[in-house]
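Secondary and tertiary structure notes
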Amino acid sequence: MASEDELNLLVIVMDVNPIWWGQQAQRDMSESTECLDAVMVMGNSHMAMTTTNRLAVISSHFQDSHFLYPCKNWTGGDGAWDGTMDEAPYCGDGKYELLSVANNVVAEEMKRVMSTTEMKGNSTDTLLAGSLAKALCCILLQKIVTFFSAGQEMKSRILVIKTAEDCARQYMNFMNVIFAAQKQNILIDACVLDSDSGLLQQACDITGGLYLKIPQKIALAQYLLWVFLPDLEQRPQLVLPPPVHVDYRAACFCHRNLIEIGYVCSVCLSIFCNFSPICTTCETAFKIQLPQMMKSKKKKLKQSI
Amino acid sequence: MDEEPERAKRWEGGYERTWEVLKEDEFGSLKATVEEILFQSKRKRALESHGQVRLGMMRHLYVVIDSSRTMEDMDLRPNRLKATLKLMEAFVEEYFDQNPISQVGLITTKNKRAEKLTELAGNPKKHLAALKKARDAACVGEPSLYNSLNLAMQTLKHMPGHTSREIVVIFSSLTTCDPANIYELIKTLKSLKIRVSVIGLSAEVRVCTVLTRETGGTYHVCLDESHFKELLMFHVKPPPANAQSECSLIRMGRCAHVCFSQTLKHSQTHLDSTSEVGLSLGGYFCPQCHAKHTELPVECKICGLTLVSAPHLARSFHHLFPLEAFRETPLEELPADRFCHACQGKLKDKIVFTCPFCSGVFCTECDLFIHDSLHCCPSCINSQHSN
């Protein structure tokens, strides 16, 4: 069990692409509000485990990412985690006040985000790399603050709830974010609702987190509580879903096929499936290795006896 | 040999009035000045960037560690050798983090001889184990610069032309015992395009100055332990490539990790690595000959194909597309009560950083994190997508 003094920060990054959710609503009547409810159940459970646990929720839209909780317009930044809640509304059902406050704030902010963001284009992919980068910076700031104020180390992890497909353009930024997370020892867990995501599989593999594709969306809360609520020390004691086989093959730059053996330019590290004399990315000419010239040996003619 | 004018030595210049940097504020405290100095040193690293220079990504680096009598000196705690070995462990880890497809080898020199501690290899475990074992070694005799450079050169000269060949010497003695003329060796190193850099622990030695100048490396003498660490970590970044180095397409195979719990018939595959004994369940298969290997990156012993995995190459991408330094703006110019775009913390420092592309505002800590580890601006990623 975790010791009494450890601080655990859980950052939940939620994918709220409205176009995807609209399509889902038409297809099988599932709503984004159900997903949000399940996520808040998970968040409340995390905060209820120990008083020192903390939560942050980020919504990832396709153009921007917003912090749903803690919200800077509410008590001005760090108020949520200092325990100074002078304006906490009285909820009346005897619940731990922090949980009701969190629920209200998330609901308010979500409404604000969905109604005020302008829609440009109709792509169905989301901007995970930006939200993860913001999550990492936020974790870093909290680590510094808690270290200086309370002298305690803070452990943190990120849970990504992904709905829409991957965006191929953010591969490089995504990989940068993953390596930064690995250096800081921050786990990235992924809970995927619809289609498998190769990027998130790689992220979970590299940082040591869990990847799960949910077969039934209705049971989202159950999966979240079972698989993603226990923190790192308790996970070896549980029987959790096995790791998936990650496809680490890269795509060649000329045809976008997945290849196993290819040629890599030594200057710009771009990958090609066939040998070509010039690299198309950095335009360096390559030295072609010619077969070596062998001196022809003079053969002695066999003398027949 | 000495046609170039040498740098003027420090005692030849005028007086530097270093006490004038410190200024007291009206309460007599130096806190503001000290913070300013710390802030500038934090920013110094972020400002060095190579720009559009071709970098040598695949590096073959030999580190020569002087293990002579002078390394028992205790001016670095606990003694010079132990401090060096500890910093080398951090160096090896950081090196493979920044240059995943490169290789490192270790050489020690004492008793007028040079000895290879580890061969050139791409995996940090062997080097870390060897460094831990070397802590108990005794420091005797005199170092031999010639022998250690010769030993490194024997291996480096066979390396392919598109990789960078480097030697870093950690030299603490003021003398060296060489069997032949070292200036001839310097000429040979220069012709083989091997770049030698030296980090001195005692004082500046003339032969090292000539060595580094001729081969194109750097020579610094460390002042204290933190300066030593800074000098060592300077060699982690890929250096600009030589203009004459060849560029070629390298044939590489990509492997995925395979777990054997599902397929029993593979459990008898023998391991290619001869240093470890035993069978393991998981491993990497070469796509060309299906030989099993336990670690990546490695060169397949059966068919000679270089094996990497995609994250290894992806780690080096940030060197190719470096992030620009952010502009410094004083806090007063912004509308009141602004928050850092990345961490949502309140902006308290006097100076904040603005990204030139997306005008996102960041605090000092986030700026340092973004330039050191993240290598991408969080708000630029968002605005790129909407284009």
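Residues numbered from 1 in each chain as written. Chains lettered and ligands numbered in written order. Predicted model: local features only at pLDDT ≥ 70, side-chain atom pairs only at ≥ 80, totals over all residues. Heavy atoms only, no water.

All names here are of chain A. Relative to each other, helix 2 (residues 32-49) and helix 5 (residues 97-116) sit at 150°, their axes nearing to 10 Å. One element, helix 2, and the other, helix 5, form an angle in the roughly antiparallel class. Note that helix 2 runs across helix 5; the crossing there is right-handed. Contact residues: L36, M40, N44 and M47 in helix 2; L98, L99, A102, N103, V106 and M110 in helix 5. The residue inventory of the contact of helix 2 with helix 5, partitioned by class, reads eight nonpolar, two polar and no charged. (Axes fitted to C-alpha atoms, helices over the stretch in contact; angles between N-to-C directions. Helix = DSSP H or I, 4+ residues; strand = E, 2+ residues; numbered from the N terminus. Parallel < 35°, antiparallel > 145°, perpendicular 65-115°, else oblique. Left-handed = near helix turned anticlockwise from the far one by under 90°. Contact = heavy atoms within 4.5 Å. Nonpolar A, V, L, I, M, F, W, Y, C, P; charged D, E, K, R; others polar.)

Counted by the stated rule, this structure contains 13 salt bridges over all chains. Residue A:E233 pairs with A:K155 through a salt bridge whose shortest N-O separation is 2.4 Å. With A:E233 in the loop between helix 9 (220-228) and strand 7 (250-251) and A:K155 in strand 4 (residues 154-162), this pair connects stretches of sequence that are 78 residues apart. One salt bridge in this structure joins B:R135 and B:E89, with 3.1 Å as the shortest N-O distance. (Salt bridge = Lys/Arg side-chain N within 4 Å of Asp/Glu carboxyl O.)

For the rest of this paragraph, the subject is the nonpolar core. The tendency in soluble globular proteins is for nonpolar side chains to be buried as a group. By size, the foremost hydrophobic cluster in this structure holds 76 residues, and its most contacted members are A:V11, A:L136, A:I158, A:F174, A:L200, B:F362 and B:L374. No other element matches the eleven residues that helix 6 (residues 128-150) of chain A contributes to this core. Excluding residues within four positions of it along the chain, A:F174 makes contact with A:L128, A:A129, A:L132, A:L199, A:L200 and A:A203. Membership of the second largest hydrophobic core comes to 41 residues, among which are A:A38, A:M42, A:L55 and A:Y223. (Core = buried A, V, L, I, M, F, W, Y, C linked by side-chain atoms within 4.5 Å. Buried < 20%, exposed > 50% of the residue type's maximum accessible area, 1.4 Å probe, protein only.)

A few words now on the interface of chain B and chain A. Of the residues lining the interface, 53 residues belong to chain B; the matching set on chain A comes to 58 residues. At the junction of chain B and chain A, the tally comes to one salt bridge. Across the salt bridge formed by A:K183 and B:D97, the nearest N and O atoms sit 3.7 Å from each other. Connecting chain B to chain A are one residue pair in polar contact (both at pLDDT 80 or more). Mapped by element, the contributors of at least two residues to the side of chain B that touches chain A are helix 2 (80-98), strand 7 (249-254), helix 8 (310-315), helix 9 (317-320), helix 10 (364-374) and helix 11 (378-385) of chain B. Of the residues assigned to the side of chain B that touches chain A, the class counts are 26 nonpolar, 18 polar and nine charged. (Polar contact = N/O pair within 3.5 Å; in protein donor to acceptor, adjacent residues only side chain to side chain.)

So, to be careful, I would describe these as geometric facts and stop short of saying anything about function.
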